[in-house]
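Observations on the three-dimensional arrangement
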Amino acid sequence: DTGVSQNPRHKITKRGQNVTFRCDPISEHNRLYWYRQTLGQGPEFLTYFQNEAQLEKSRLLSDRFSAERPKGSFSTLEIQRTEQGDSAMYLCASSSDSRGETQYFGPGTRLLVL
Amino acid sequence: AQSVTQLGSHVSVSEGALVLLRCNYSSSVPPYLFWYVQYPNQGLQLLLKYTSAATLVKGINGFEAEFKKSETSFHLTKPSAHMSDAAEYFCAVSAGLGKLIFGQGTELSVKP
């Protein structure tokens, strides 16, 4: 197990289409995070899972966004009816169970909405 | 509430010169602080972290940072810059349930 993986790495879509991203965390990590990063900015927290339970959602996560982590393994982030403002890098990270534990980031999925 | 401010969105140094990237934090609880580096079109890689042990933290690639509670700072330094250090650097604070609050980032350029 070499780290956090994300697929696809790049996605171009037309406004109004739905997209889904996948994140595979480091296998022994219970915690999984999604962040969004726009150009020239730091990553912003979107949502967080402890095993299969989604414990926190940012106000950035509008009703068009949904995330799941079935069976506490991989996670998916779906965006419905995409808008141009959704264009960003979507980053996934995982960590073990304690506060202060290192979050290991995947390479990200870059979304471009035309 | 936790927050992070990185002073200077862009820092340029000559190869071999001292690197100093500034980070100030705000936290209502004892903070856990992190520095990450991001190369173009890649995810974030941890450089170092402070979790209330030693105030001087050593990281990878010759970087270190000092936690100063009185100044609410966690500045990143490296004695001698290398061309391969050119990247975007992010300071972050851990905020409840482990989520990270990031600063806006500092782009480091290294001139030959």
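Calculation rules
Residues numbered from 1 in each chain as written. Chains lettered and ligands numbered in written order. Predicted model: local features only at pLDDT ≥ 70, side-chain atom pairs only at ≥ 80, totals over all residues. Heavy atoms only, no water. 1 Å grid on protein atoms, 1.4 Å probe; cavity = no way out; pocket = protein on both sides within 12 Å on 5 of 7 lines; lining within 4 Å. Points joined across faces, edges and corners; volume = space filled by probe spheres on them. Nonpolar A, V, L, I, M, F, W, Y, C, P; charged D, E, K, R; others polar. Buried < 20%, exposed > 50% of the residue type's maximum accessible area, 1.4 Å probe, protein only. Helix = DSSP H or I, 4+ residues; strand = E, 2+ residues; numbered from the N terminus. Pairing = 2+ DSSP bridges. Patch = residues over 30% accessible without salt bridge, like charges linked within 9 Å, V, L, I, M, F, W, Y side chains within 5 Å. Areas by Shrake-Rupley, 256 points an atom, 1.4 Å probe, with all protein chains shown as cover. Salt bridge = Lys/Arg side-chain N within 4 Å of Asp/Glu carboxyl O. Disulfide = S-S within 2.5 Å.

Details of empty space enclosed by the protein
- In this structure the tally under the stated criterion is one cavity of 30 Å³ or more.
- Here the largest cavity defines a volume of roughly 40 Å³.
- Here the residues of the lining of the largest cavity sort into three nonpolar, six polar and three charged.

Concerning the pairing of strand 7 (residues 65-68) of chain A
Residue and element names in this part refer to chain A.
- Burial of the side chains of strand 7 is restricted to one face: F65 and A67 are buried, whereas none of S66 and E68 on the reverse face is.
- Summarising the sheet, strand 7 and strand 8 (residues 75-79) pair through four bridges and their orientation is antiparallel. Bridge pairing in strand 8 links E68 to T76.

Structural notes on a nonpolar patch on the surface
All names here are of chain A.
- Taken together, the side chains of I12, L112 and L114 define a hydrophobic patch exposed on the protein surface, amounting to about 300 Å² of accessible area.
- Along the chain, L114 turns up in the segment after strand 11 (109-113).
- With relative accessibility at 52%, the residue L114 sits in the exposed group.

Considerations on the state of the cysteines
- Here the structure, examined in full by the defined rule, presents two disulfides over all chains.
- Disulfide pairing places C23(A) opposite C92(A) at an S-S distance of 1.8 Å. Between C23(A) and C92(A), the S-S torsion sits near -65°, and that sign places the bridge as left-handed. One end of the pair, C23(A), is in strand 3 (residues 19-24); the other, C92(A), is in strand 9 (residues 88-95), and 69 residues separate them in sequence. The pair formed by C23(A) and C92(A) is uniform in burial state, with each residue classed as buried.
- Disulfide pairing places C23(B) opposite C91(B) at an S-S distance of 2.0 Å. Classification of the bridge connecting C23(B) and C91(B) rests on its S-S torsion, roughly -65°, and on that basis the disulfide is left-handed. Highlighted residues: C23(B) in strand 3 (residues 19-26) and C91(B) in strand 9 (residues 87-95), separated in sequence by 68 residues.

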